[in-house]
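Structure at a glance
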Amino acid sequence: MKKMRGKVAALLLAGLMAVSVLTGCSADVSEYSSMVVATYGDKQIYLDEANLMARYTQWLDELYYMNYFGDSMWSQEYNGRTMEDSVKEEIMAQILQTEVLISHADEYGVSLTDADMEKVNQACNDFFETMDEKMIEMSGATDELVKQVYEKNALANKVWQAVVADVDTEVSLEESQQVEIRYILIQNDDEDYEDPEAAVNEIVSRIQNGEDIEAIADEMGLYCGTNHYSKYEETDDVIGSAAIEMEVGEARAIQNESVGWYAVYLSTDYDEEATAQEADSIITQRRADLFSEVYGSWEKETFTVDEDVWDEIKFDGNPVYEMPETTTAAETTAAEETTAAAEETTAAAEETTTAASGTTAAEETTTAAAETSAAETEAAAETSGEAEETTAAQ
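Definitions and limits used
- Residues numbered from 1 in each chain as written.
- Predicted model: local features only at pLDDT ≥ 70, side-chain atom pairs only at ≥ 80, totals over all residues.
- Heavy atoms only, no water.
- Helix = DSSP H or I, 4+ residues; strand = E, 2+ residues; numbered from the N terminus.
- Buried < 20%, exposed > 50% of the residue type's maximum accessible area, 1.4 Å probe, protein only.
- Core = buried A, V, L, I, M, F, W, Y, C linked by side-chain atoms within 4.5 Å.
- Contact = heavy atoms within 4.5 Å.
- Pairing = 2+ DSSP bridges.
- Axes fitted to C-alpha atoms, helices over the stretch in contact; angles between N-to-C directions.
- Salt bridge = Lys/Arg side-chain N within 4 Å of Asp/Glu carboxyl O.
- Expected span 1.5 Å × (residues − 1).
- pLDDT = per-residue confidence, 0-100.
- Patch = residues over 30% accessible without salt bridge, like charges linked within 9 Å, V, L, I, M, F, W, Y side chains within 5 Å.
- Areas by Shrake-Rupley, 256 points an atom, 1.4 Å probe, with all protein chains shown as cover.
- Lys, Arg positive; Asp, Glu negative; His and termini not counted.
- Charge placed at Lys NZ, Arg CZ, Asp CG, Glu CD.
- Parallel < 35°, antiparallel > 145°, perpendicular 65-115°, else oblique.
- Nonpolar A, V, L, I, M, F, W, Y, C, P; charged D, E, K, R; others polar.

1. Let's talk about the side chain of Thr98
- By the secondary structure assignment, Thr98 is in helix H3 (residues 83-102).
- Exposure remark for Thr98: the relative accessible area of 6% places this residue in the buried category.

Have a look at this one:
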C-alpha cells in the first residue's frame, strides 16, 4: 500500500487523472469548469481540475484494492477519518503545493521549454490511450483540461528541481553499506517443534557444515527470508545488531522472545544493489529535507477550500472501476494488462512531475494524510500472514 500510495502521489502531480459523472449529485460534470472549489490568494481553482485528480486516484485505488476491501473500501475509517476523506484531503494538499511552486517559477528563472511541452503532449496522449473505454466515457476529460493540468505540474516540477538542485549527491559507504542476511524462523507457537531453540541450533549446525539455508528450509517446510541492515548503523533490532558483528558465511541462533528463534546466516557484508538503493534513499531524503525547509520558509497566500463544492465529489457508492464478476483466464490477463499499463503511464509521468518523496511533507494537511496512509498499510499488513512473518524478522 505504501508503495502504491507513492505512485498515486506521483500521478496526481503529473495530472494523470480522470473525472466521472456522479449519480445523485446536484451539479453535472459539464458545470465543474465554472465551479470554484478552492482559492489560493486571488487564484481560483475549479472543480473540473480537482475532480480530474480525484477520479483518477479513485480509479487506480479501486483497480488495486477493491478486490481486497470490497465496495465498502471508501467508507472504512482510519484514525477517525474515512479513506475517501483522506484521499480527498491529499488531493487538496497536492493542489495547494502545485500552486505554491508555480508562484515561485519566476524567482528561480523556470519556464517550460519546447522539450518539456513535447513530454506534456506525449503524456496527454498516453493518458487517453491508457484509460479504459468506460473510464474515458464517464470522465468527460478533454484534451484541453488534461493538457492544462500536465503543464501546471510540469512547471511545478521544474521549480522543485531548482530548489533541490544543490543537494549533495555524494554518499559514503559508512552511510549506505548494506549487509544481507538469510534467515529461518521457528515461531514459539509452532506445533511441529516442541523445542524451537534446539531445532534452530540444529539448523545453524547444518549451515556451518556447508548445507544451503534455503535447501534446509525447503526440506523442513519453513520459510527462508532475506533482510538487509546497515553495516555501520547501530540498531535495537536483535538480528540487525548480530548481523553487524557477524562474519560472512557465519550462522547464529538468535532469539526474539515475543516471536521465536531464528537461524541467521550472513550471506554478504556488502550487497551492491541494496547499498545503491540505500544511497538513492539517502539522497531522496536530503532532497525532501531541503525542499521542506525551503517550502516552509516561503510566505504563502491564504488557501481556502469550499467544502460544499468539494462535497460534490463522492467516491463511496460511485465506483469508477468495476470488478469483473468472473475471473476467467482472459479476464485475469486483461486486468493484469490494465494494471501494467497504468504502471507504465506512472513511470512516464514521473518525468514531468515533482517527486512525491520531495513534496509530501510541506503542509499539515499532507502530514495528516500520510499518517492515514500509514494506518492503511498497517491494517493491510494485519491481514497478511507473510507480512507478519517478514515484520517479525526485522
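2. Let's talk about the nonpolar core
- Among the nonpolar cores identified, the biggest contains 61 residues, and Val37, Leu47, Trp59, Trp298 and Trp310 are the most heavily contacted of them.
- Those elements that place two or more of their residues in this core are strand E1 (36-40), helix H2 (47-69), H3, helix H4 (114-130), helix H6 (143-163), helix H11 (272-297) and helix H12 (307-310).
- For this core, the element with the highest residue contribution is H2, accounting for twelve residues.
- Excluding residues that lie within four positions of it along the chain, Leu47 makes contacts with Tyr32, Met35, Val37, Val309, Trp310, Glu312 and Ile313.
- Counting 16 residues, the second largest nonpolar core, distinct from the first, contains Val200, Ile207, Ile213 and Ala263.

3. Regarding the sheet that holds strand E5 (residues 178-187)
- Across the sheet, which stays open at both edges, the four strands sit in the order E6-E5-E8-E7 with antiparallel pairing between neighbours. If you trace the sheet from one side to the other, it starts and ends with strand E6 (224-230) and strand E7 (251-256), each paired once. Shown here is a sheet whose adjacent strand axes are inclined to one another by a mean of 35 degrees, direction ignored.
- The pairing of E5 with strand E8 (residues 260-268) spans eight bridges and is antiparallel. By the bridge assignment for E8, Gln187 is matched with Gly260.
- Running at roughly 20 degrees to E5, helix H9 (residues 213-220) makes contact with E5, E6 and E8 of the sheet.
- Taken strand by strand, helix H10 (residues 238-245) contacts E5, E6, E7 and E8, and its axis lies near 155 degrees from that of E7.

4. Topic: the environment of Val171
- Position of Val171 among the secondary structure elements: in the loop between H6 and helix H7 (173-176).
- In this structure the C-alpha to C-alpha distance between Val171 and Ala276, which are 105 residues apart in sequence, comes to 9.5 Å.
- Every residue in contact with Val171, bar those within four places of it in the chain, is listed here: Ser176, Ala279, Ile282, Ile283 and Arg286.

5. Brief notes about the pattern of salt bridges
- Taken as a whole, this structure holds twelve salt bridges when the rule is applied.
- For Arg81, the salt bridge is made with Glu89, and the minimal N-O distance between the two is 2.2 Å.
- By relative accessible area, Arg81 is classed as buried at 18%.
- Residue classification places Glu89 among the partly exposed residues on the basis of a relative accessible area of 23%.
- Asp116 is paired through a salt bridge with Lys158; the nearest N and O atoms lie 2.9 Å apart.

6. With respect to H3
- Look at H3: 29 Å from first C-alpha to last across 20 residues, which is about the 28 Å you get at 1.5 Å a residue.
- Of all 20 residues in H3, 17 are buried; the element is thus mostly enclosed.

7. A word on the pairing of E8
- In this structure, E7 lies alongside E8, joined through six bridges in antiparallel fashion. Note that in E8 the partner of Gln255 across the bridge is Trp261.
- Between E7 and E8, which pair antiparallel in sequence order, lie three residues.

8. A few points about the confidence of the model for the chain
- Summary statistics for the chain give a mean pLDDT of 81 and a share of 74% for residues scoring 70 or more.
- Throughout residues 1-25 the model reports pLDDT below 50, and contacts reaching past four residues in sequence, or to other chains, amount to 97 contacts.
- Contacts from residues 345-394, a stretch scored under 50 in pLDDT, to residues over four places away or in other chains number 100 contacts.

9. Description of a negative patch on the surface
- A grouping of Glu77, Asp85, Asp306, Glu307, Asp308 and Asp311 is seen on the molecular surface, where their side chains present a negatively charged patch.
- Along the polypeptide, Asp85 turns up in helix H3.

10. Focus: the packing of H2 against H6
- Two elements in contact, H2 and H6, have axes whose closest approach is 11 Å; the angle formed by their N-to-C orientations is 85 degrees. Taken together, H2 and H6 sit at an angle that is classed as roughly perpendicular. Every residue of H6 that contacts H2 at Asp48, Glu49 and Leu52 is listed here: Leu145, Val146, Gln148, Val149 and Lys152.
- Split into classes, the residues belonging to the contact of H2 with H6 amount to four nonpolar, one polar and three charged.

11. As for unusual backbone geometry
- Positive phi, close to 55 degrees, is recorded for Asn79, a residue that is not glycine.
- Mapped onto the elements of the fold, Asn79 is located in the loop between strand E3 (77-78) and strand E4 (81-82).
- The class for Asn79 is exposed, based on a relative accessible area of 63%.

12. Some thoughts on the sheet that holds strand E9 (residues 303-305)
- If you walk across this open sheet you meet the three strands as E2-E1-E9, and the pairing is antiparallel. Sheet topology places strand E2 (43-46) and E9 at the edges, where each strand pairs with a single neighbour. In this sheet, adjacent strand axes meet at a mean angle of 20 degrees when their direction is disregarded.
- For E1 and E2, the ladder comprises four bridges, and the chain directions are antiparallel. Note that in E2 the partner of Val36 across the bridge is Tyr46.

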